[in-house]
Each structure stands twice: as structure tokens, then as C-alpha cells.
Amino acid sequence: MLLGQAESGKSTLQKQFQLYYASHTLEHERPSWRPIVFFNILKAIRMVLAEIDLEFPLPQGSTGMAPSISGSTSASSSSASRPDPSWFPELAQLRMKLLPLVASEDALASELSGGVSVGGGRSGVYVRAGWQTLVTPSRSWPMPSDMRSAASRPTPVTNIVAQTIAALQEEITTTWRHPGVRYLLAGNKLRLEEYAAHFLDDISRVAQPDYLPTAEDILHVRLQTLGVTEHTFDIDMAGSLYTWLLYDVGGARGQRHVWVPYFEDATAIIFLAPISAFDQYLEEDPRTNRIDDSLQLFTAICSNKLLQKAALVLMLNKTDILRKKIEAGIKVRKYISSYGDRPNSYEEVSEYFRAHFIQVHRRKDISHRPLYLHFTSMIDIKATQSIIINVNEAIMRSHLTSIGLA
Ligand SMILES: Nc1nc2c(ncn2[C@@H]2O[C@H](COP(=O)(O)OP(=O)(O)OP(=O)(O)O)[C@@H](O)[C@H]2O)c(=O)[nH]1
Ligand SMILES: [Mg+2]
């Protein structure tokens, strides 16, 4: 079972399992990820435009007309420490051009979910068990009948969005690279989700008419999980074939009660904690720091009686983002006062978080079982695949020990 707070990387790990053990199924699913990539892009653009509107409003009575974009000099200059007056009309003009994209977001969300479940959360749209079967049959759960009927539906909105992205790709790139937007990003006024840079840096690729998401794209996509989804893999270990059931769950607080019925049968828990999230708060409770929430949740998992026989794997995830934040000079002390005067280096910070999780395990683990701990970056295919092999062996060993065969 994959556990952890929302956006900790559970579904991304599930995709890595799929990539390693059943890459052909991921290959088949590539077309069904295409609208989700678009959906993520639209959301990132909406957030950029909203912040532009807030930070660079045009003075009353202004026409919003600016010198032509290509003739603008500031668009190519390096980011400044103060807003440049020329950014206001330039960005207002770009914003006007990109607004049609934002307007299609709701229609795409509705088409994407087959009209089944839209709404809630920053993600706006949820993944339900079996959603991929909208496009390709796979070994997921049986899909609800309302989704089955959606499977044969055409995708006119997706096609319109694809064409609009293609038509506006230059404007998207100019906006994304604009020093005003860089200024908002650097000052943390504009906080985008992790996938934004991956897709917006490379929009011309996505804008190709025959674009199909790559494995990297699929790993970067964000789609919130609703409830519990089951995935099956046949795994060859030392010449014997085992069928593994992997349960991926929704991690937001409102989703956690549905985990419990699965606990008693769980052979292993893989708990994901995004240690890059020290400067972030829960969407569902903006007063709770994300690292605190992860520690509390990990405490509850370690001390849960129903899980006492399950092997325990801890993945301190999003190390790539942690590294970038530290390099950008973001101070851990500012968000976690107990960090004190320790050096603000990647090594010190990651070790500090590791020590906290280990301490929770030492103090709260109900069955004093070993803790298999890894630092991970779920978007790094090579590194994650070798961790998956390692973790599987550990889980298998622990399982054989628990049933008296090792
Ligand atoms: N850069 C980076 N991005 C990551 C990493 N792990 C996950 N992500 C991204 O973080 C976002 C959230 O990941 P998910 O796997 O959807 O999170 P989740 O735990 O399944 O979230 P819920 O389904 O809401 O519980 C996705 O856009 C992922 O691509 C990582 O190690 N590094
Ligand atoms: Mg998920």
C-alpha cells in the first residue's frame, strides 16, 4: 500500500512500478494522458495570468496596447529586482491573448472526467479507479458504468485545446520567459505546482499535432487520486512469478478514512514524505506545515495495530526539489523554527528530516520492525527503478520471515 499526504508522490511511484514491471501498459495509456497534460498546462497558465492580473494591473483608462511583443526589449533582459514599467502593458497584452485557453479549462475538466466528478481541490479534477480505461483497457478495477459509457465519447474539447495551445505557443513561451513572470516566481508570489516548468519550458513539443506524452511527461503529470485504486503487477523474483497488488490512495485529509479497511491485509506499507515541502502548508488546512503533517501521519501509521505485521518502507521524496530550494537560498529555519542555526545545506537539511522520521519510528513503532528508508526523486527513472528492486526484495524477505519461511 502506498501511503502519504496529498502530492507526496504515491501515484508517481505507482507509475514507476508500472514502467518497470508493465511498461507495455503505460505505453498503451499514453494517449489517455494527453488531455491531462493539457489540463495541467491550462491550470498553470491560469495561475500565471491571475498573478499577472494582480501584480501588474494596467492603470485605469489604459488601452492595454503595448509595443509588439517581438519588438520588446525587456522580454529578453535578465530578471530585475524591481518591476519594470514596461512589463505592465506587455504582460496585459499577453494575458489578453492567452485568456481563451483559461476559458476552456472547465470544459476540458468535464470532458476528462466523463462528466463524472469534477471539482474540489487545487487540482480541480480527480482520478477514479479505472479512469484509464476511458481510452485503453487495462487491468485496473472494473470501471463504473457511467465511465464505461464515457469511454466511447469523442474528445472535441481536447482537440480544441490542443489546437489553441499550438496557435498560442509563442505567446505562452514569451509569457513564461518574461522577466515579469520570472520576477513573480523568484519572489515566490507565483507558486506553481511541480509539473509547470516541465511542460511550459518545452511547450513547442506539446504543441505538435501528433504529440503523445512520454514516460517523463506521465511522471510529471498531476492528477489527484480519489479513494483507493488497485494495480496488479506480475513480478519475477529469483525465477518465481508473483502477482503483486499495489494500492494507491488519495492522500488529502478528507480521503484518509477510506484507507483503513485495507490495512489488515497489507503486506507492506510504502510511506512517502515529500521533504521538499518544508515551506508549504496543507491545502486542506493552511495552518499545518506539510512536514509536520507527514510526521504526524507517519506516527499514526507506525503505531496502528492493524498494520503491525506489515513491512515498513519510508521514502523521503522530492529530494530534487529540496536541492533546488536550498540552492535558491530558501531558509528552512524560517518555516521550521527548531532547525535553529544549523547550516542551510542539502546534506544537513535532508539528514535533519531523516533523523526526525527515524525518531518517530524508534519511539512509536508498535512492532519494532526494521525501517527501510530511501531518499528518492520519483521523476528520476533510473534511480527510482533500482530503489524499486531493492524495496521489493526487502518486502519479500520480510514477508517470508513473517510467515516462517525464512
Ligand atoms: N520534481 C519532483 N516531482 C515529483 C516527485 N514526486 C512526485 N512529483 C510530482 O508531484 C506531483 C504530485 O504527485 P502525485 O504522485 O500525484 O501525488 P499523490 O501522493 O499521488 O497525491 P494524491 O493522489 O493527491 O494523494 C506530480 O506532479 C508529480 O509529478 C519528485 O520526487 N520530484
Ligand atoms: Mg495520487
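Residues numbered from 1 in each chain as written. Chains lettered and ligands numbered in written order. Predicted model: local features only at pLDDT ≥ 70, side-chain atom pairs only at ≥ 80, totals over all residues. Heavy atoms only, no water.

- The protein chain appears in an unreviewed UniProt entry as G-protein alpha subunit from Ceriporiopsis subvermispora.

### A few points about the overall build of the protein chain
Right, so step 1: Helices and strands together make up the secondary structure of the protein chain, namely 15 helices and 8 strands.
Right, so step 2: The buried share of the protein chain, reckoned over its 406 residues, is 52%.
Right, so step 3: In the protein chain, 75% of the contacts between residues at least 6 apart in sequence involve partners at least 24 apart.
Right, so step 4: Counting only carbon and sulfur atoms, one obtains 53% of the accessible surface of the protein chain, whose full area is about 18,800 Å². (Helix = DSSP H or I, 4+ residues; strand = E, 2+ residues; numbered from the N terminus. Buried < 20%, exposed > 50% of the residue type's maximum accessible area, 1.4 Å probe, protein only. Contact = heavy atoms within 4.5 Å. Areas by Shrake-Rupley, 256 points an atom, 1.4 Å probe, with all protein chains shown as cover.)

### Examining the coordination of the magnesium ion (ligand 2)
Right, so step 1: Ligation of the magnesium ion (ligand 2) by protein atoms is provided by Ser11 (OG) and Thr225 (OG1), these donors lying 2.0 to 2.1 Å from the ion. You can see serine 11 sitting in helix H1 (residues 10-21) and its partner threonine 225 sitting in strand E3 (residues 224-225), a full 214 residues away along the chain.
Right, so step 2: The class of serine 11 is buried, set by a relative accessible area of 19%. (Donors = N, O, S within 2.8 Å, 3.2 Å for Na, K, Ca; no water.)

### Describing the UniProt feature "binding site: Mg(2+)" (unreviewed entry) in the protein chain
Right, so step 1: Those places that UniProt annotates as "binding site: Mg(2+)" (unreviewed entry) correspond, in this numbering, to Thr225.
Right, so step 2: Relative accessible area serves as the criterion here: at 5%, threonine 225 is assigned to the buried category.
Right, so step 3: Of note is the side chain of threonine 225, whose polar atom sits 2.8 Å from the side chain of serine 11. (UniProt positions renumbered as here; feature names shortened; annotations may be inferred. Polar contact = N/O pair within 3.5 Å; in protein donor to acceptor, adjacent residues only side chain to side chain.)

### Re the nonpolar core
Right, so step 1: In this structure, Ile41, Ile45, Ile165, Ile172 and Leu200 are the most contacted members of the largest nonpolar core, which totals 48 residues.
Right, so step 2: Per-element tally for this core: the top contributor is helix H2 (residues 23-55), with 14 residues.
Right, so step 3: With residues up to four places along the chain from it excluded, the contact list for isoleucine 45 reads Leu98, Leu101, Val102, Ile172 and Leu200.
Right, so step 4: In terms of nonpolar packing, the next biggest core, distinct from the first, is built from 37 residues, Phe278, Ile301, Leu316 and Leu322 among them. (Core = buried A, V, L, I, M, F, W, Y, C linked by side-chain atoms within 4.5 Å.)

### Overview of the site of ligand 1
Right, so step 1: Around ligand 1 sit 25 residues, and of these Lys10, Thr12, Leu219, Gly251 and Asp320 come closest.
Right, so step 2: Between lysine 10 and ligand 1, the recorded distance is 2.7 Å, taken from a side-chain N or O atom to an oxygen atom.
Right, so step 3: In the model, an oxygen atom of ligand 1 is placed 2.7 Å from a nitrogen or oxygen of the leucine 219 main chain.
Right, so step 4: Looking at which element gives the most residues to the shell around ligand 1, the answer is H1, with 3 residues. (Near = heavy atom within 4 Å.)

### Considering the packing of aromatic side chains
Right, so step 1: Taken as a whole and assessed by the stated rule, the structure comprises 15 aromatic pairs.
Right, so step 2: Judged by centre distance (6.4 Å) and plane angle (50 degrees), the rings of tyrosine 21 and phenylalanine 233 are tilted. Of this pair, tyrosine 21 sits in helix H1 while phenylalanine 233 sits in strand E4 (residues 228-237), and the two are 212 residues apart along the sequence.
Right, so step 3: For the pair phenylalanine 271 and phenylalanine 298, a centre-to-centre distance of 5.1 Å together with 55 degrees between the ring planes defines the contact as tilted. (Phe/Tyr/Trp six-rings, centres within 6.5 Å; stacked < 30°, edge-to-face > 60°.)

### Section: the packing of H2 against helix H3 (residues 87-103)
Right, so step 1: Contact pair H2 / H3: the axes reach a minimum separation of 10 Å and the direction vectors enclose 145 degrees. Relative to H3, the crossing made by H2 is left-handed. Residue-level contacts link Leu42, Ile45, Arg46, Leu49, Ile52, Asp53 and Glu55 of H2 to Phe88, Leu91, Arg95, Leu98, Leu99, Leu101 and Val102 of H3. (Axes fitted to C-alpha atoms, helices over the stretch in contact; angles between N-to-C directions. Left-handed = near helix turned anticlockwise from the far one by under 90°.)

### Here we look at the pattern of salt bridges
Right, so step 1: Enumeration according to the criterion identifies 18 salt bridges in this entry.
Right, so step 2: Aspartate 285 is the salt-bridge partner of arginine 253, the closest N and O atoms lying 3.3 Å from each other. Within this pair, whereas arginine 253 is found in the loop between strand E5 (240-249) and strand E6 (268-274), its partner aspartate 285 is found in the loop between E6 and helix H12 (290-302), the two being separated by 32 residues in sequence.
Right, so step 3: Relative accessible area serves as the criterion here: at 32%, arginine 253 is assigned to the partly exposed category.
Right, so step 4: We note a salt bridge from aspartate 293 to arginine 253, for which the minimum N-O separation is 3.1 Å. Of this pair, aspartate 293 sits in helix H12 while arginine 253 sits in the loop between E5 and E6, and the two are 40 residues apart along the sequence.
Right, so step 5: If you follow the salt bridges from partner to partner, you end up with Arg253, Arg256, Asp285, Arg287 and Asp293 in one network. (Salt bridge = Lys/Arg side-chain N within 4 Å of Asp/Glu carboxyl O.)

### A short note on the pairing of strand E7 (residues 311-317)
Right, so step 1: Extensive coverage of E7 is indicated by the burial of 7 of its 7 residues.
Right, so step 2: Because side chains alternate across E7, one face comprises the buried residues Ala311, Val313, Met315 and Asn317, and the other comprises Leu312, Leu314 and Leu316, equally buried.
Right, so step 3: With 7 bridges connecting them, E6 and E7 associate as parallel partners. Opposite isoleucine 269, over in E7, you have leucine 312 as the bridge partner.
Right, so step 4: Between the parallel elements E6 and E7, the chain passes through H12 in a crossover that is right-handed.
Right, so step 5: As judged from the 5 bridges shared by E7 and strand E8 (residues 371-375), these two strands associate in the parallel manner. Bridge pairing in E8 places valine 313 opposite tyrosine 372. (Pairing = 2+ DSSP bridges. Right-handed = clockwise from strand over helix to strand, strands pointing away.)

### Regarding the UniProt feature "binding site: GTP" (unreviewed entry) in the protein chain
Right, so step 1: UniProt annotation of "binding site: GTP" (unreviewed entry) refers to Leu219, His220, Val221, Arg222, Leu223, Gln224, Thr225, Asn317, Lys318, Thr319 and Asp320 when read in the numbering used here.
Right, so step 2: Structurally, leucine 219 is set in helix H11 (residues 215-220).
Right, so step 3: Those residues within four positions of leucine 219 in sequence are excluded, and the remaining contacts are Thr12, Lys15, Gln16, Met378, Ile379 and Ile381.
Right, so step 4: Here valine 221 shows up in the loop between H11 and E3.
Right, so step 5: Classification of valine 221 by relative accessible area gives buried; the value is 5%.
Right, so step 6: Dropping the residues within four chain positions of it, valine 221 is found in contact with Lys15, Trp33, Ile36, Val37, Asn40 and Phe199.

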